[in-house]
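Structure at a glance
What follows is each chain in one-letter form.
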Number of protein chains: 4
Amino acid sequence: MTPVRVAVNGYGVIGKRVADAVALQPDMELVGVADVATDYRVRLALERGYRLFGSTAEAAAAMREAGLEPAGDLGALLAASDVVVDATPKRVGAANKPAYEAAGVKAIFQGGEKHELAGVSFVAQANYAEALGRDFVRVVSCNTTGLVRVLGALRSEGLLERARAVLIRRGTDPWESHLGGLVNTLLPEPKVPSHQGPDARTVLPDLDLVTIAAAGPFNLSHVHFAVVEAPRETTEEEVFAALRAAPRIVLVRAGEGVEAPNSVIEIVRDLGRPRGDLWEVAVWEDSLAVSGREIFLTYQVHNEAIVTPENVDAIRAVTAAERDPASSIALTDETLGIRTELIPVAATAGERV
Amino acid sequence: MTPVRVAVNGYGVIGKRVADAVALQPDMELVGVADVATDYRVRLALERGYRLFGSTAEAAAAMREAGLEPAGDLGALLAASDVVVDATPKRVGAANKPAYEAAGVKAIFQGGEKHELAGVSFVAQANYAEALGRDFVRVVSCNTTGLVRVLGALRSEGLLERARAVLIRRGTDPWESHLGGLVNTLLPEPKVPSHQGPDARTVLPDLDLVTIAAAGPFNLSHVHFAVVEAPRETTEEEVFAALRAAPRIVLVRAGEGVEAPNSVIEIVRDLGRPRGDLWEVAVWEDSLAVSGREIFLTYQVHNEAIVTPENVDAIRAVTAAERDPASSIALTDETLGIRTELIPVAATAGERV
Amino acid sequence: MTPVRVAVNGYGVIGKRVADAVALQPDMELVGVADVATDYRVRLALERGYRLFGSTAEAAAAMREAGLEPAGDLGALLAASDVVVDATPKRVGAANKPAYEAAGVKAIFQGGEKHELAGVSFVAQANYAEALGRDFVRVVSCNTTGLVRVLGALRSEGLLERARAVLIRRGTDPWESHLGGLVNTLLPEPKVPSHQGPDARTVLPDLDLVTIAAAGPFNLSHVHFAVVEAPRETTEEEVFAALRAAPRIVLVRAGEGVEAPNSVIEIVRDLGRPRGDLWEVAVWEDSLAVSGREIFLTYQVHNEAIVTPENVDAIRAVTAAERDPASSIALTDETLGIRTELIPVAATAGERV
Amino acid sequence: MTPVRVAVNGYGVIGKRVADAVALQPDMELVGVADVATDYRVRLALERGYRLFGSTAEAAAAMREAGLEPAGDLGALLAASDVVVDATPKRVGAANKPAYEAAGVKAIFQGGEKHELAGVSFVAQANYAEALGRDFVRVVSCNTTGLVRVLGALRSEGLLERARAVLIRRGTDPWESHLGGLVNTLLPEPKVPSHQGPDARTVLPDLDLVTIAAAGPFNLSHVHFAVVEAPRETTEEEVFAALRAAPRIVLVRAGEGVEAPNSVIEIVRDLGRPRGDLWEVAVWEDSLAVSGREIFLTYQVHNEAIVTPENVDAIRAVTAAERDPASSIALTDETLGIRTELIPVAATAGERV
């Protein structure tokens, strides 16, 4: 089978990860990456051996000026591609859509764009089928992806009637360092409910979810605290089973020294993962509590990494390179190294739960 | 009427604030403060003109050695006092209780001690009467005080059936600076529900409250995110009215530039308050949302300051210097400068809600 | 004597402090404060009883709209004033100068403006006489003020031939809370030497000083690390004597528990200072080391507060309300509560050095 | 040639990195790793396929208890090894030395141990030859290694007469998350000069270096600000040439978007390095300034990673597996992926300096 030819437009936090992930897929070919920058970031794309394009003609010219020897502009990239992953900043994707349509390539947008731009908002385990063969799909944001994975896992097993969640978001990205900003305080979002609840409903219709969000002075992950009400009394065992049955969720344990998001990131660094990426949602097993119909959950969403596998699956869905969701997820997970347990569970730990 | 003679044992974050507040009360006399330190902190007690005592004979000796000229040890302080506010570190209060009993002084303990030590856990607006004339009372912790004030205000008005809250606590106190610690991460408490729910029930029996807690890399306040379910449908107006009817709660507005806990602290600094203390719970008006029976609240609890007025009221309660809760609260609030609005609301703002 | 009539234009971090300080001076009258905002900050000016003016006609109109009842615009304020302290953002001061000239009021600018705008850059202890009777004076920035106080103190006593200093600046102001920003990293200023060295020479001509600057993820003070070379061998005693002989410098001691800038701020909070302001430079006594001709210094510059007394003195200088520098400094220091020791030194501590 | 059989005792921040680096060497064999923990960290050692030993008999028993199936205790590990890298916490190494002597294995200690324990303190580029064939060698700490690399590079080229440096250290390690700690402040070390100056002289005798140190609320790297005085006037070109001539130093440029330590770490993450490790010292090219005889330098020392290659070289030195320093360094650098430029320099950038 001919590999799907994939372009990545926007080589930032998400774009560079998607590019690397695409390059690992046996059924895909990374045609090249496009951006508007000429600084160290795109030089590293060249370093990785990727063909570099200017996202605009001007960008291509600036790259040439800077000695970067781009392979052309976006038009050239699209002409050689079947599908483009648009990982440009918020709202730039919408502006790019006509170019994608004109070039006849399918496009995957990110969560910064509106649902209506693509018509289908996507989380692989939730609605892969809905995206099959579509021209445009939107991979939802990191927070929404985390919510859909965890709450969707519970709903699939009949354990979710409604959910209320507090999202404490990272204040900035690890690579950023501007003066001013978020120091020694939380910053609550004034709008309650925050947008993630409605956004999750673009993937899981009728999900009864309200979210409250705030940002904190740290940069390594979001943390969600969710209170779920099941339609009936349940047990920790049932909840664990539901979480384990879903892909891309791992359980971690403070009792084993994994006390905080930074310990989880230390684990994925130790696992040798690229950029210390945590593609899975990490749910704290110790903090998970069930009381009657209520389920209390604390979990970590690695904002930089969580949508990487979703983008890969979205490519397969829109191109119909794979029609079976589970097969696509399995292939993505195997190539990236996504796990069901981050750390090997000792023999004696079997009786833990 | 003879002023109540008050001792403060433990001159730390809470003790020093309570000492200052007591010194402002017309019906109280601050006999002195006791501590075990000889460093800058107790030198500042002398600077303020407080009589200094050693919390132990050894501490008194060390103070003498350090040239601090203490007025004696704890026994001497208690002998001249009617009531002692014990603001020593967690569990030291329990060890001090026999000395208080032997000296025949009443004692106010803090939230680090167990409820059973005192038998009465106290938040002025909730259960002042219960503490009247008791020998021992425990002022609950900052987080529990915040929860009781806000949730108690709603319950009083028939607006609370149950509450679920996420508490993001400050990671350390502003004066502390040890190597190691909480940097660039949240630290979830592994135990869910956290202890604050049961603790609030020592003040508000049968309160249906579950809390989840985590600490963050900041030191200036806790922030609570609460989801309250009322027994019936309600409105924002009703909720605002309930909050305004309760003492020691103020509303703040992101729309007026008060976006985060640090802006609130800036206001109280601008108001000229000692140490930039926020004695009130600050509830964000913009973030307050009501949907059917559900109420969503975001509010700030200034961990250093919130229990100061509670301790003052507790002194009046145990000594029966004032039998009417509202009168005690009003006197405390007037002497400290506790307000019903932190910032003057403009004339035109009257129609806001 | 008629009090000097003072206007403050710009009611931000510096303006509000200068307004409060002016209001405390027996020989000054605060006519009013002007700003462009209508949010909580200017409401608090009204709360303090200050007359509020719009910095522009539009701002005055917006204030009226917001129900703030301003007393007029900048023209009205200047018409009633002898001198204006311009504490507007960087470069706005330059734009305001013609209005001040037209109104015939003298003006004090801040360190964000260029030296040339005023012709005299000012630190009270260094060059008060130079500002006497001038129409325009510029109070230098917080960092430069700190450098001039400490290095000037050493130079006055013949202990400074050259100085090299590393300035670790606070990343943002305590009241600010934008997303993005400085988290979990230092941010070095790419330009070395940084501008503070040349800036200090506007006050202390021929000062041989080179500075390197960086910002850190904290908001409560700058810290300077200076290496000074004296023209001859010296001793710690000589250095301490020089520092003690200069105004607005205090020594603090890690050995007494004052380990870090946040402990120093805790002290000034405990001293009951408005906003927890540290007007003095705090030099660590324990960290001060002398080796041959070299002097190593670590000291704290409270960016929010350090220029407050300088502005007060500058007002006296330009209006010639007081011709003697020492008398002006003494009066400012007494009214504000500026000290020579932050914490009382114990009797036995006399032999410490 | 038989590979050198290497044991790693202490599988923490340094030990795990050294183990991975040893496993990459063609002339070494990693026999196993020993530790006292049974938590997630050692489980990850097993995950990597390393043989796990208990650092003590008790630890081995606890591991067995925890189902970890250790291969034995330290004695067993040493019996199968030629050399042990001791990466245990400060001062534990000294306690371990008799066991190493008894087992007849050579040992590499870390910078937490005193120089006297080993007799030779080591930085590969500075004194490899001195360590040849020794039984004990101490790899100096991260800060000292950074100082020796940079200052040694200048001294080798006759550009260093004396140096004064301010070291702003990271406040904690990325994996740690205790309550309390360093928030919103710097923490100056009270002792000046700090210990790094004398420590650097254990490697570079007679180095005229004084250091001042402080810690900050971040966890991703140390940053040094150094003022070097050359014996004669010099130029930026000479300094760049000296730095480029030395191994394990890279130049980075704020002008290319690499503004702060976190951008540098982003680069090494993008380069796919394990754990985002920066083995080189990163010197800011833009911030490097020369004035007469003075050189001003700003550079980053990645505390987690910088000593990894030094330990590998130290193994070769003590076992005399390689007698030529440059050959050992070259082999280590090639196997790890240590670079002379982190980012590819564009063709046009050649004329930059």
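Below: a short report on this structure. (Residues numbered from 1 in each chain as written. Chains lettered and ligands numbered in written order. Predicted model: local features only at pLDDT ≥ 70, side-chain atom pairs only at ≥ 80, totals over all residues.)

What about the interface of chain A and chain B?
In many reports, interface size means the accessible area that the parts give up when they come together. On the side of chain B, 33 residues touch chain A, which itself brings 33 residues to the contact. Looking at the side of chain A that touches chain B, the elements that each hand over two or more residues are β8 (162-170), β9 (187-188), β10 (209-216), β11 (222-229), α11 (261-270) and β15 (294-301) of chain A. Sorting elements by how many residues they give to the side of chain A that touches chain B places β10 of chain A first, with four residues. Across the side of chain A that touches chain B, the residue classes tally to 23 nonpolar, seven polar and three charged. (Contact = placed C-beta atoms within 7 Å. Helix = DSSP H or I, 4+ residues; strand = E, 2+ residues; numbered from the N terminus. Nonpolar A, V, L, I, M, F, W, Y, C, P; charged D, E, K, R; others polar.)

Observations concerning the sheet that holds strand β1 (residues 4-9) of chain A
All names here are of chain A. Sheet architecture is open: seven strands sit in the order β3-β2-β1-β4-β5-β7-β6, paired in parallel fashion. Across the chains shown, the open sheet's two edge strands, defined by having one partner strand only, are β3 (52-54) and β6 (121-122). As defined by bridge partners, β1 adjoins strand β4 (residues 83-86) across four bridges and the pair is classed as parallel. When the bridges of β4 are listed, Asn9 appears paired with Asp86. Running over the sheet, helix α3 (residues 57-65) touches β2 (28-35) and β3 and is turned about 125 degrees from β3. (Pairing = 2+ DSSP bridges. Axes fitted to C-alpha atoms, helices over the stretch in contact; angles between N-to-C directions.)

Topic: the sheet that holds strand β3 (residues 52-54) of chain B
All names here are of chain B. Spatially, the seven strands line up as an open sheet ordered β3-β2-β1-β4-β5-β7-β6, and their pairing is parallel. The open sheet has two edge strands with one neighbour each: β3 and β6 (121-122). Strand direction decides the pairing type here: strand β2 (residues 28-35) and β3, joined by three bridges, are parallel. Residue pairing for β3: Asp35 is matched across the bridge by Gly54.

Observations concerning the relation of the copies chain A and chain D
For the pair chain A and chain D, the superposition axis carries a translation of 0.0 Å, the fit reaches an RMSD of 0.0 Å, and the rotation angle comes to 180 degrees. Those values place the two copies in the arrangement expected of a two-fold rotation axis. For chain A, the residue whose C-alpha comes nearest the rotation axis is Asn184 of chain A, separated from it by 3.0 Å. In this assembly, 100% of the residues forming the interface of chain A have copies in chain D that are likewise at the interface, indicating an isologous arrangement. (Least-squares fit on C-alpha atoms with pLDDT ≥ 70 in both.)

Here's the deal with the relation of the copies chain A and chain B
Mapping chain A onto chain B leaves a residual RMSD of 0.0 Å; the transformation is a rotation of 180 degrees accompanied by 0.0 Å of translation along its axis. Taken together, the interface assignments show that 100% of the residues at the interface of chain A recur at the interface of chain B, consistent with an identical surface on both copies.

Concerning α11 of chain A
Since the α-helix turns once every 3.6 residues, residues separated by three or four places project in the same direction. Among the 10 residues that make up α11 of chain A, 10 are buried, leaving the element largely enclosed by the rest of the structure. All of the buried residues along α11 of chain A are Pro261, Asn262, Ser263, Val264, Ile265, Glu266, Ile267, Val268, Arg269 and Asp270 of chain A. Each element contacted by the buried residues of α11 of chain A is listed here: β11, β12 (249-252), β13 (281-284) and β15 of chain A together with α1 (13-23) and α2 (40-47) of chain D. Positioned one or two residues after α11 of chain A, Gly272 of chain A has a phi angle of 80 degrees, which is positive. (Buried ≥ 20, exposed ≤ 12 C-beta atoms within 10 Å, placed from the backbone.)

A few points about the pairing of β12 of chain A
Residues and elements named next belong to chain A. Across the two faces of β12 the burial is the same, with Ile249 and Leu251 and Val250 and Val252 all buried. Where β12 meets β13, four bridges bridge the pair, whose relative direction is parallel. Within the sheet, the bridge partner assigned to Ile249 lies in β13 and is Val281. Taken together, β12, α11 and β13 form a β-α-β motif whose crossover is right-handed. (Right-handed = clockwise from strand over helix to strand, strands pointing away.)

Notes on helix α3 (residues 57-65) of chain C
Residue and element names in this part refer to chain C. Listing the buried residues of α3 in full gives Ala59, Ala60 and Met63. Summarising the axial view, the buried residues of α3 lie within an arc of 100 degrees, below the 170-degree limit, and thus occupy one face. Exposed side chains of α3 directed beyond 90 degrees from the buried face belong to Ala57, Glu58 and Glu65. Looking at the buried positions of α3, the neighbouring elements they touch are β2 (28-35) and β3 (52-54). A positive phi of about 80 degrees marks Gly67, the residue just after α3. (Arc of directions from axis to C-beta.)

Brief notes about the interface of chain A and chain D
Contacts between chain A and chain D engage 37 residues on the former and 38 residues on the latter. Tallied by class, the residues present in the side of chain A that touches chain D amount to 17 nonpolar, nine polar and 11 charged.

Section: the environment of Leu30 of chain D
All names here are of chain D. Tracing the backbone through its elements, the reader meets Leu30 in strand β2 (residues 28-35). Overall, the presence of 24 C-beta atoms within 10 Å leaves Leu30 in the buried class. When the C-alpha atoms of Leu30 and Ser81 are compared, they prove to be 8.7 Å apart, with 51 residues separating the residues in sequence.

Comments concerning the packing of α1 of chain D against helix α12 (residues 308-318) of chain D
Residue and element names in this part refer to chain D. One can describe the packing of α1 onto α12 by two numbers: an axis separation of 9 Å at closest approach and a directional angle of 55 degrees. Comparing the axis directions of α1 and α12 gives the class oblique. The hand of the α1/α12 crossing is right-handed. Seen from α1, the contacting residues are Arg17, Val18, Ala21 and Val22; seen from α12, they are Thr308, Asn311 and Val312. Of the residues that constitute the contact of α1 with α12, the class distribution is four nonpolar, two polar and one charged. (Parallel < 35°, antiparallel > 145°, perpendicular 65-115°, else oblique. Left-handed = near helix turned anticlockwise from the far one by under 90°.)

Brief notes about the environment of Glu113 of chain C
Within the fold, Glu113 of chain C resides in the loop between β5 (106-109) and α6 (115-118). Linking Glu113 of chain C and Gly93 of chain C, residues 20 residues apart in sequence, is a C-alpha distance of 6.6 Å.

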